[in-house]
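Below, each chain spelled out in residue letters.
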Amino acid sequence: MFDSLSDRLGGVFDKLRGRGALSEQDVRDAMREVRVALLEADVALPVVRRFVDRVTEKAIGAEVLKSVTPGQQVVKIVNDELIETLGGEVHEGLNLEAKPPVVIMMVGLQGSGKTTTTAKLAKYIREKHGKKALMASLDVNRPAAQEQLAVLGTQIDVATLPIVAGQQPVDIARRALESARLQNSDVLLLDTAGRLHVDEALMAEMKAVAGIATPTEVLLVVDALTGQDAVNVAQNFSSEVSLTGVILTRMDGDARGGAALSMRHVTGKPIKFAGTGEKLDALEPFQPSRIANRILG
Ligand code: GDP
């Protein structure tokens, strides 16, 4: 994860750490390299600027350069700033305390990993929160999407709403709510339809479902490998429906980290979870301090 970014930054900071004394110019030179590394990692330009400005200011402003270990101090400043950029120290978890069934709506484009992530999250909720979940697929566009969720449900032993051929998303959502109440489910996960692009029909359907289901969580699933596109998708979705968070999938294959590093500041939305593989237990709470550690090696 984030190997190429990590290598680049590692090179810059090894040089800094190795020196006894640092001048203001040394810091500025290092920050120029950091800037290039972040841009190559596909981090959004305003985020890169902010990052570099804040680190530079802290590094040359205070007593850092006069200290005994200036290189290490600069690396510590970078570490803190990475954590802040990724969303801060505290992991924002799920809000499952509302009156059951708590509805979690999963939204996103086709192929982002939405259906797999719905199942991963249901499993996580059962195992980590000890809550009973019901899953329902509202995806009537993609052939076999509903069956796919049913198969995953069997694998993780989480109930799925029986499929009624020809039923439309809003009606499926109504039936799912009713069924969740009858079964005393704590949590209802709705896997909404995705399309290849953000379009009006997709947004209208999503809003109609949100109107019926009044979700506590609306989680956008995006593919980390798409870099800044993932951030653009998040902006498009959040202008239509109020997202409570983002789940970044395929973090396992993401060498660059641009989506993870840009998401919070560009969209204002927290990344709540990271998908880290195809298996159904490959879902981790997104913890900025752990990720900053990985990036800085
Ligand atoms: P959907 O169209 O958005 O519902 O996408 P799917 O859930 O069907 O996922 C598409 C593919 O991505 C499947 O092969 C998944 O196994 C894979 N996938 C989903 N999440 C991850 C992840 O975090 N890491 C990896 N490596 N693969 C993933």
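The chain is annotated in an unreviewed UniProt entry as Signal recognition particle protein from Allopontixanthobacter sediminis. Its UniProt record gives the chain the following Sequence similarities (unreviewed entry) comment, quoted word for word: "Belongs to the GTP-binding SRP family. SRP54 subfamily." The heading Catalytic activity (unreviewed entry) in the UniProt record of the chain holds the text "GTP + H2O = GDP + phosphate + H(+)".

(A) Examining the site of the ligand more closely. Near the ligand lie 18 residues; those nearest to it are Gly 111, Lys 114, Thr 116, Arg 250 and Asp 252. Between the ligand and Ser 112 there is a distance of 3.1 Å, counted from an oxygen atom to a backbone nitrogen or oxygen. For the shell around the ligand, the residue count by class is 1 nonpolar, 11 polar and 6 charged.

(B) Quick look at the environment of Ala 37. Its location among the elements puts Ala 37 in helix 2 (residues 24-40). Since its relative accessible area comes to 3%, Ala 37 is described here as buried. Here the alpha-carbon distance between Ala 37 and Asn 232, two residues 195 residues apart in the chain, equals 21 Å.

(C) How the structure looks around the pattern of salt bridges. Summed over the entire model, instances satisfying the criterion amount to 21 salt bridges. Residue Glu 40 pairs with Arg 8 through a salt bridge whose shortest N-O separation is 2.4 Å. Taken together, the residues Glu 40 in helix 2 and Arg 8 in helix 1 (residues 3-17) connect sequence positions 32 residues apart. Relative accessible area serves as the criterion here: at 47%, Glu 40 is assigned to the partly exposed category.

(D) Structural context of the packing of helix 5 (residues 114-129) against helix 6 (residues 145-156). Packing of helix 5 against helix 6 brings their axes to within 10 Å, and their N-to-C directions diverge by 30°. Overall, the two elements helix 5 and helix 6 adopt an arrangement that is roughly parallel. Considering how the two elements wind past one another, helix 5 and helix 6 form a crossing that is right-handed. Seen from helix 5, the contacting residues are Thr 115, Thr 116, Thr 118, Ala 119, Ala 122, Lys 123 and Arg 126; seen from helix 6, they are Gln 148, Leu 149, Leu 152 and Ile 156. Taken together, the residues of the contact of helix 5 with helix 6 sort by class into 5 nonpolar, 4 polar and 2 charged.

(E) Quick peek at the side chain of Gln 146. With respect to the helices and strands, the residue Gln 146 is situated in helix 6. Note on Gln 146: relative accessible area 16%, which makes it buried. The contacts of Gln 146, once residues within four sequence positions are left out, are Ser 137, Asp 139, Val 140, Ile 163 and Ile 172.

(F) Quick look at the nonpolar core. Core analysis: the largest hydrophobic core is formed by 77 residues, its most contacted members being Phe 13, Leu 190, Phe 237, Leu 248 and Met 263. In terms of residue count, the dominant contributor to this core is helix 4 (residues 70-86) (7 residues). If sequence neighbours within four positions are ignored, Phe 13 has contacts with Val 34, Val 75, Val 78 and Leu 296. With 24 residues, the next largest nonpolar core counts Val 102, Met 106, Tyr 124 and Leu 283 among its residues.

(G) Just the environment of Gly 108, in detail. Among the structural elements, Gly 108 can be located in strand 1 (residues 102-108). On the basis of relative accessible area, Gly 108 is assigned to the buried category, the value being 0%. Counting along the chain gives 18 residues from Gly 108 to Val 90, while the straight-line C-alpha distance between them is 25 Å.

(H) Quick look at helix 11 (residues 288-296). The complete set of buried residues in helix 11 reads Pro 288, Ile 291, Ala 292, Ile 295 and Leu 296. Axial view of helix 11: buried residues confined to an arc of 130°, hence all on one face. After helix 11 finishes, the residue Gly 297 shows a positive phi value of roughly 65°.

(I) Region of interest: the confidence of the model for the chain. The pLDDT averaged across the chain works out to 93; a share of 100% of its residues lies at or above 70. Among the scores for the predicted complex, ipTM is 0.99 and pTM is 0.95.

(J) Seen up close, the pairing of strand 7 (residues 271-275). The buried fraction of strand 7 amounts to 5 of the 5 residues, a majority that puts the element mostly inside the structure. For strand 6 (residues 245-249) and strand 7, the ladder comprises 3 bridges, and the chain directions are parallel. Of the residues in strand 7, the one forming a bridge with Val 246 is Ile 271. This β-α-β element, strand 6 to helix 10 (residues 258-267) to strand 7, shows right-handed connectivity. Where strand 7 lies against strand 8 (residues 283-285), 3 bridges are found, and the strand directions are antiparallel. Bridge pairing in strand 8 places Ala 274 opposite Glu 284.

(K) Spatial organisation of the sheet that holds strand 8. Read from one edge to the other, the open sheet built from 8 strands follows the order 3-2-4-1-5-6-7-8, with strand pairing classed as mixed. Sheet topology places strand 3 (159-160) and strand 8 at the edges, where each strand pairs with a single neighbour. Note that strand 2 (residues 133-137) and strand 4 (residues 187-191) share 5 bridges and pair parallel. Along strand 4, the bridge assignment pairs Ala 133 with Val 187. Strands in contact with helix 10 are strand 5 (217-223), strand 6 and strand 7; relative to strand 6, the strand with the most contacts, it is inclined by about 175°.

Quick notes on the rules
Residues numbered from 1 in each chain as written. Predicted model: local features only at pLDDT ≥ 70, side-chain atom pairs only at ≥ 80, totals over all residues. Heavy atoms only, no water. UniProt positions renumbered as here; feature names shortened; annotations may be inferred. Near = heavy atom within 4 Å. Polar contact = N/O pair within 3.5 Å; in protein donor to acceptor, adjacent residues only side chain to side chain. Nonpolar A, V, L, I, M, F, W, Y, C, P; charged D, E, K, R; others polar. Helix = DSSP H or I, 4+ residues; strand = E, 2+ residues; numbered from the N terminus. Buried < 20%, exposed > 50% of the residue type's maximum accessible area, 1.4 Å probe, protein only. Salt bridge = Lys/Arg side-chain N within 4 Å of Asp/Glu carboxyl O. Axes fitted to C-alpha atoms, helices over the stretch in contact; angles between N-to-C directions. Parallel < 35°, antiparallel > 145°, perpendicular 65-115°, else oblique. Left-handed = near helix turned anticlockwise from the far one by under 90°. Contact = heavy atoms within 4.5 Å. Core = buried A, V, L, I, M, F, W, Y, C linked by side-chain atoms within 4.5 Å. Arc of directions from axis to C-beta. pLDDT = per-residue confidence, 0-100. Pairing = 2+ DSSP bridges. Right-handed = clockwise from strand over helix to strand, strands pointing away.

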